[in-house]
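The residues making up each chain are set out below.
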Amino acid sequence: MSVDQSTVKRVAKLARIAITDNRAEELRDELNTILGFVEQLDEVDVDGVEPMTSVVDFDMKKRADTVNDGEIADDVTANAPAKDEHFFMVPKVVE
Amino acid sequence: MTAIVDTRTPNPKNFFPGQDHDWELVIGLEVHAQVTSEAKLFSGASTGFGAEQNSHVSLVDAAMPGMLPVINEECVKQAVRTGLGLNAMINNRSAFDRKNYFYPDLPQGYQISQLYHPIVGEGTITIQVGPDKDGKFESVDVGIERLHLEQDAGKSMHDQHPTMSYVDLNRSGVALMEIVSKPDIRSIDEAKAYVTKLRSIVRYLGTCDGNMDQGSMRADVNVSVRKPGSDFGTRCEIKNVNSIRFMGQAIDYEARRQIDIMEAGGSIEQETRLFDPVKGETRSMRSKEEAHDYRYFPDPDLLPLEFDDAFVEELKADLPELPDEKRARFMADGLSEYDASILVSDKAIADYFEQVASGRDAKMAANWTINDLLGALNKDGKSIEDSPVTAAQLGGIIDLIKADTISGKIAKDVFEIVWNEGGDPAKIVEDRGMAQVTDTGAIEAAVDEIIAANPDKVEQAREKPNMIGWFVGQVMKATRGKANPKAVNELLRVKIGG
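First, a word on what this report is: a plain description of the structure on this page. All of these numbers come straight from a predicted model, not from anything done at the bench. (Residues numbered from 1 in each chain as written. Chains lettered and ligands numbered in written order. Predicted model: local features only at pLDDT ≥ 70, side-chain atom pairs only at ≥ 80, totals over all residues. Heavy atoms only, no water.)

**Description of the overall build of chain B**
Move 1: A tally of regular secondary structure across chain B gives 16 helices and 16 strands.
Move 2: Relative to the 2.2 N^0.38 estimate, which gives 23 Å for 498 residues, the radius of gyration of chain B is 29 Å and therefore markedly larger than a compact globule would have.
Move 3: Referenced to the eigenvectors of the C-alpha coordinate spread, the extents of chain B come out at roughly 95 × 60 × 55 Å.
Move 4: Looking at chain B as a whole, 53% of its 498 residues qualify as buried.
Move 5: Long-range pairs, those at least 24 residues apart, make up 69% of the contacts in chain B with a sequence separation of at least 6.
Move 6: Carbon together with sulfur atoms contributes 49% to the accessible area of chain B, which is approximately 22,500 Å² in total.
Move 7: The average position of the 56 basic charges and that of the 80 acidic charges among the side chains of chain B differ by 4 Å. (Helix = DSSP H or I, 4+ residues; strand = E, 2+ residues; numbered from the N terminus. Rg over C-alpha atoms; globule rule 2.2 N^0.38 Å. Buried < 20%, exposed > 50% of the residue type's maximum accessible area, 1.4 Å probe, protein only. Contact = heavy atoms within 4.5 Å. Areas by Shrake-Rupley, 256 points an atom, 1.4 Å probe, with all protein chains shown as cover. Lys, Arg positive; Asp, Glu negative; His and termini not counted. Charge placed at Lys NZ, Arg CZ, Asp CG, Glu CD.)

In structure tokens, the structure reads:
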């Protein structure tokens, strides 16, 4: 698998990263090197092998349905570049 | 994903008229139902509605770096309960995936959802469409494709500032169940009946409050049109419809829009659309198109969600009686399908009725609950929870009728007094002298008086026995409605000799 320049640009756009054509070309080569490296894994036959989801075999930890967090609006909005009365402010986005 | 199968036979009753031929609607619904829980799906912040902005937000919900999700077991149970209520396959092993997109109300940059392995698989619910003019309902089976758990996003407000949007993350991370139907729905009435039924099921189960005003339930509606019985057409998806009435309007507009395009020789482009309730139309959300590449992948922060059969069996054993079972039981008790369907539509109404009917005639209890109580509630825009007349009071009124203490007509007056002023029906009847006159002597005197005053009418009544009704009316008037109508009738028959 390899990517072309338009795929690189599309992925960048979806990730909201602005890139120039030159940079897209560089990234294409870098990404293809990475993909090529990872592709070596294809040599391993994994037919009938369950995907490994965890190194150790244990059940997912669950929490009880108890409210024990939140009510920290000051902390939550502490790093916001713009805020008003505990609202985050962002450039206007309207559908 | 399984292949889409057309399970329905085209029914001309549902068709939209067209220029050259009729059109058939094909509708599939994705309903987002907020899980009833105290805390969020992956954090310990409250799910409470209407709180101060960003107060019910933990650092997990705000997606601060390094925060890890831990699943709320109750949300899992609620999803399983709902799956059981939808007669669906419960998957003992499911998994969470990340759905990636950028929006200011989604701080993680992805929504944790279940694309590949949902917690609930295929199921079926039976909806009741109608009633038609004869009070009959049509039962239609609608397939459920899946139900999965996912996080809700936050909320953006655009009217607070000229150039900025305001973001509140209180809803961010609240558990939602997305319930996806198969494309088995063929009319607006069926779509409405489907959402109504779904809402009723989750409310009976207590897994979602079904409150569409507060956004606890909203639907994405997939609509396409086709020549009846032909292959499925291209669909458009109407996002975030938040009332059953708007859904009807949105489908109607969208179907006509698509038919107009096809009849003008055009073709439908698959797209996401938004319903504008003010204008009553749908419009394209072009900005969503690009974002449709969600690049799903398994969430590495979460292990698969696994439970054993015993976990499911325990939940199953504790399920309440669901609307279909309740309706069947009410009908077995002698109620009509119409009455039973209305009573079970809302669990609170069914509970009220059962209290009224307890130890009393079911049919009579149903009539009073539906015609008088629900009628009055509708008129005043009140819900059953705010009913000024309790089940015990309504039961008391029915007891007075049964005991021949008051007539059905006087009972309506008593109902109105209880509605407006409250109080014990028996005491009201006693204090205000509303008990009907069963003393034959008093009734007889009134009957004699009327007969004596109207010899011509008596003649007529002998010819036409129907005329007796006029006399009954006169006697009731003379006794201010308090005479026992049965006694009046008998006396008149004897005296006039009808």
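**Observations regarding the sheet that holds strand β9 (residues 164-168) of chain B**
Move 1: Spatial strand order, β2(A)-β3(A)-β9(B)-β8(B): four strands in an open sheet with antiparallel pairing. In this open sheet, the two strands that pair with only one neighbour each are β2 (83-84) of chain A together with β8 (155-157) of chain B.
Move 2: Alignment of β2 of chain A against strand β3 (residues 87-91) of chain A, held across two bridges, turns out to be antiparallel. Within β3 of chain A, the position partnered with lysine 83 of chain A by the bridge is phenylalanine 88 of chain A. (Pairing = 2+ DSSP bridges.)

**With respect to the interface of chain B and chain A**
Move 1: Listed per partner, the contact involves 49 residues of chain B and 39 residues of chain A.
Move 2: A buried area of about 4,100 Å², summed over both sides, lies between chain B and chain A, and 59% of it is on carbon and sulfur atoms.
Move 3: Residues arginine 10 of chain A and aspartate 293 of chain B are paired through a salt bridge, measuring 3.1 Å at the closest nitrogen-oxygen approach.
Move 4: Counting across the chain B and chain A interface gives 20 residue pairs in polar contact (both at pLDDT 80 or more).
Move 5: For the side of chain B that touches chain A, the secondary-structure elements that each account for two or more residues are β2 (71-72), α1 (73-85), β9, α4 (286-291) and β16 (305-306) of chain B.
Move 6: If one sorts the elements of the side of chain B that touches chain A by residue count, β9 of chain B sits on top with five residues.
Move 7: Of the residues belonging to the side of chain B that touches chain A, the class tally is 24 nonpolar, 15 polar and 10 charged.
Move 8: Here strand β1 (residues 62-63) of chain A runs beside β2 of chain B; their pairing, made up of two bridges, is parallel. (Buried area = accessible area lost by both parts, 1.4 Å probe. Salt bridge = Lys/Arg side-chain N within 4 Å of Asp/Glu carboxyl O. Polar contact = N/O pair within 3.5 Å; in protein donor to acceptor, adjacent residues only side chain to side chain. Nonpolar A, V, L, I, M, F, W, Y, C, P; charged D, E, K, R; others polar.)

**Comments concerning the packing of aromatic side chains**
Residues and elements named next belong to chain B.
Move 1: Taken as a whole and judged by the stated rule, the model has 11 aromatic pairs over all chains.
Move 2: Between the NZ or CZ atom of lysine 412 and the centre of the ring of tryptophan 368, over which it lies, the distance is 4.9 Å.
Move 3: Here the basic side chain of lysine 457 rests over the ring of tryptophan 470, its NZ or CZ set 4.7 Å away from the ring centre. (Phe/Tyr/Trp six-rings, centres within 6.5 Å; stacked < 30°, edge-to-face > 60°. Lys NZ or Arg CZ within 6 Å of the ring centre and 35° of its normal.)

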